[in-house]
Structures are given as C-alpha cells and as structure tokens.
Amino acid sequence: MSETQGVGTHHDLPRGSGVEIFEEHYAGKPGAGWEIDRPQRALVELARRGVFRGRVLDIGCGSGDNALMLAERGLETTGVDAAPSGIELAREKAARRGLEARFLVRDVLRLKEWGERFDTVLDVGLFHCFPDEDRPALVEGVSAVTVPGGRYVLMCFSDRQPGTRGPRRVSEQEIRTAFARGWRIEVLRPVELEVAFEPGVARAWLAVMTRR
Ligand SMILES: C[S@@+](CC[C@H](N)C(=O)[O-])C[C@H]1O[C@@H](n2cnc3c(N)ncnc32)[C@H](O)[C@@H]1O
C-alpha cells in the first residue's frame, strides 16, 4: 500500500463516514465539535495506568493530540486518518512539539490490506462515524492490525447522550455485538468524552478489549 493509499485527493476520499466534512474542518473551516486541541482526559488517565503498551496505532487520529500524548510518553506511535489535512496538522503539531510519531493517510476500512501489526489500537470518535453496514469492515480491519493479546481502546458517543448535536449514538449492546467474535471485552463503562461545544463533555462509552 502506498503512503497515501489513493485517498490523497479530495474527490478520492472514502465514503460513508463523513470524511469530507472532517477534511473541510482540518483544512480551515471553523466549528469542529470534536476538536479540543488536547488529549482526552480519560485517555491521559488510562495512559498513566499503563493501558497503552508496545506499538500503538491511533485510528481516525485527526489532528493527532491523543497520539502525540502517547508519543510523549515514549510509546512508538502511528496515527492514521483518511483526511489528508488532518494528517498534515498532526505532522505539524509533532514537529512543533519536537515529538516523534508517524502520521499516515489511510482508510481504516482498508486496514486489512496493510501488513503492519500493533500492540494497542486506539479509536476516539471513529467507530460512531460509520453506518451499520461498514462496521464489519472496521472490526475486521482492527482485528487484522492488532496482535493476539493486543488491546483495542475505544471511546464513542453513547445512547445516553441527550439531544442531537454530534454523531450517531451507540448502545452498549451494539459494541458487544460488533466485537463478539475474536475479542474479549475487559472494560465497558460510561465515560465523559470532551467536546468543543457546551457543556464541554458528552456521554460516551469507554471500552478496553483484548484480541483473542
Ligand atoms: C470525530 S473525529 C475524531 C478525531 C480524533 N480521534 C480526535 O479525537 O480528535 C473522527 C475522525 O475519523 C476520521 N475518519 C472518518 N472516516 C475515516 C476512514 N474511513 N478512515 C480513516 N479515518 C476516518 C475523520 O477524518 C476524523 O478525523
């Protein structure tokens, strides 16, 4: 697979998860509800407790703050996103902060085609972007890039979040169903996802699972 994997131009962006909207925001359109410009508090806490280990992959990494927090802790970190402008921003942040992390343009629905393997895969706000029909490909891709015994750490909007602002809501059962085969769910609990709109947090799920 090439460095840009054929999604480097706007009209080549993958469909279904709204990448074109994300790309527009990373390219300068204001008002991105997810862009908090710092790592998620809940993840900083998990990192302190040693949940992230080995080679780490942040899927749908956006402008990279979560991945960079892990790189800063000395983890070998890669971030992938289908929005080329997001990857540009992440690379700029890494350079400005003097951090070593690799950022690549990738469609996560094609992760299976990639030869690389990781010990921990992180997903903040990506899973909930996809319609039902794309979930099997996402789970298959995550399964393919995670070593046996490796971890997947997931944060996504919860069906307990009121109102309509933000992405689709996900139920606990949907997560359990999506990862029923090939994964052992170690943790699945409510968590606050920090967002860039009032009141600053949204109800979300935190899942930590192990690849069988
Ligand atoms: C809600 S944003 C979260 C970004 C980042 N994880 C964060 O916490 O700030 C979702 C991200 O998923 C990316 N994304 C959506 N569909 C994708 C796909 N098919 N492949 C790779 N990335 C995708 C978007 O471009 C966007 O950066």
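Values in this document were obtained by computation on a predicted structure and should not be read as measured data.

> Describe the sheet that holds strand β2 (residues 76-81), with residues and values.
Spatial ordering of the open sheet is given by β3-β2-β1-β4-β5-β7-β6, a layout of seven strands whose pairing is mixed. Each edge of the open sheet carries a strand with a single partner, namely β3 (102-105) and β6 (183-194). The sheet shows a mean angle of 20° between the axes of neighbouring strands, direction not considered. Where β2 meets β3, four bridges bridge the pair, whose relative direction is parallel. Looking at β3, one finds that G79 is bridged to F103.

> Break down the side chain of T120 for me, citing the residues and quoting the values.
Mapped onto the secondary structure, T120 falls in strand β4 (residues 118-124). Within the local environment of T120, its side chain forms a polar contact with the backbone oxygen of R53, the two atoms lying 2.7 Å apart. Contact partners of T120, with chain neighbours within four places excluded, come to V51, F52, R53, R55, V56, L57, R151 and V153.

> Quick rundown of the nonpolar core? Include the residues and the values.
Grouped together as the largest cluster of nonpolar side chains are 27 residues, with contacts concentrated most on I59, Y152, L154, I175 and F179. Among the secondary structure elements, those contributing two or more residues to this core are β1 (55-59), β4, α5 (135-145), β5 (146-157), β6 and β7 (201-211). Considering each element in turn, this core owes the most residues, four residues, to α5. Discounting chain neighbours no more than four positions away, the residues touching I175 are L154, C156, V170, I185, L188, W205, A207 and M209. Counting 23 residues, the second largest nonpolar core, distinct from the first, contains L75, V124, V191 and A202.

> Can you lay out the site of the ligand for me, pointing to particular residues and giving the numbers?
As a structural note, the neighbourhood of the ligand is formed by 20 residues, with S17, Y26, G60, D81 and V124 the closest of them. One nitrogen or oxygen atom from the side chain of N66 is found 3.4 Å from an oxygen atom belonging to the ligand. A82 places a polar main-chain atom, nitrogen or oxygen, 3.1 Å from a nitrogen atom of the ligand. Out of a free accessible area of 590 Å², the ligand has 95% covered by protein chains. The greatest single-element share of the shell around the ligand, amounting to three residues, is contributed by helix α1 (residues 19-26).

> I'd love a proper account of the packing of aromatic side chains, names of residues and values included.
This model, assessed by the stated rule, comprises seven aromatic pairs. Taken together, a centroid distance of 4.7 Å and an interplanar angle of 70° make the contact between F22 and W34 edge-to-face. Taken together, the residues span a long stretch of sequence, with F22 in helix α1 and W34 in the loop between α1 and α2 (41-48) at a distance of twelve residues. On the numbers, 5.6 Å between centres and 40° between planes, the contact of W114 with F118 is tilted. Grouped by ring-pair contacts, the aromatic residues F127, Y152, F179 and W183 constitute a single cluster. Directly above the ring of F118 sits R55, whose terminal nitrogen or CZ lies 4.7 Å from the centroid. It is R211 that lies over the ring of W183; its NZ or CZ is 5.7 Å from the centre.

> How would you sum up the packing of α2 against helix α3 (residues 65-72)? Please name residues and give values.
Pairs of packed helices are described in terms of their axes, by the angle between the two and the distance that separates them. Remark: α2 packs on α3, axes separated minimally by 11 Å, with the N-to-C direction vectors making an angle of 25°. Between α2 and α3, the crossing angle belongs to the class labelled roughly parallel. The crossing of α2 and α3 is right-handed. The residues of α3 that touch α2, namely those facing L43, V44 and A47, are N66, M69 and L70. Of the residues contributing to the contact of α2 with α3, the split by class is five nonpolar, one polar and no charged.

What counts and how
Residues numbered from 1 in each chain as written. Predicted model: local features only at pLDDT ≥ 70, side-chain atom pairs only at ≥ 80, totals over all residues. Heavy atoms only, no water. Pairing = 2+ DSSP bridges. Helix = DSSP H or I, 4+ residues; strand = E, 2+ residues; numbered from the N terminus. Axes fitted to C-alpha atoms, helices over the stretch in contact; angles between N-to-C directions. Polar contact = N/O pair within 3.5 Å; in protein donor to acceptor, adjacent residues only side chain to side chain. Contact = heavy atoms within 4.5 Å. Core = buried A, V, L, I, M, F, W, Y, C linked by side-chain atoms within 4.5 Å. Buried < 20%, exposed > 50% of the residue type's maximum accessible area, 1.4 Å probe, protein only. Near = heavy atom within 4 Å. Areas by Shrake-Rupley, 256 points an atom, 1.4 Å probe, with all protein chains shown as cover. Phe/Tyr/Trp six-rings, centres within 6.5 Å; stacked < 30°, edge-to-face > 60°. Lys NZ or Arg CZ within 6 Å of the ring centre and 35° of its normal. Parallel < 35°, antiparallel > 145°, perpendicular 65-115°, else oblique. Left-handed = near helix turned anticlockwise from the far one by under 90°. Nonpolar A, V, L, I, M, F, W, Y, C, P; charged D, E, K, R; others polar.

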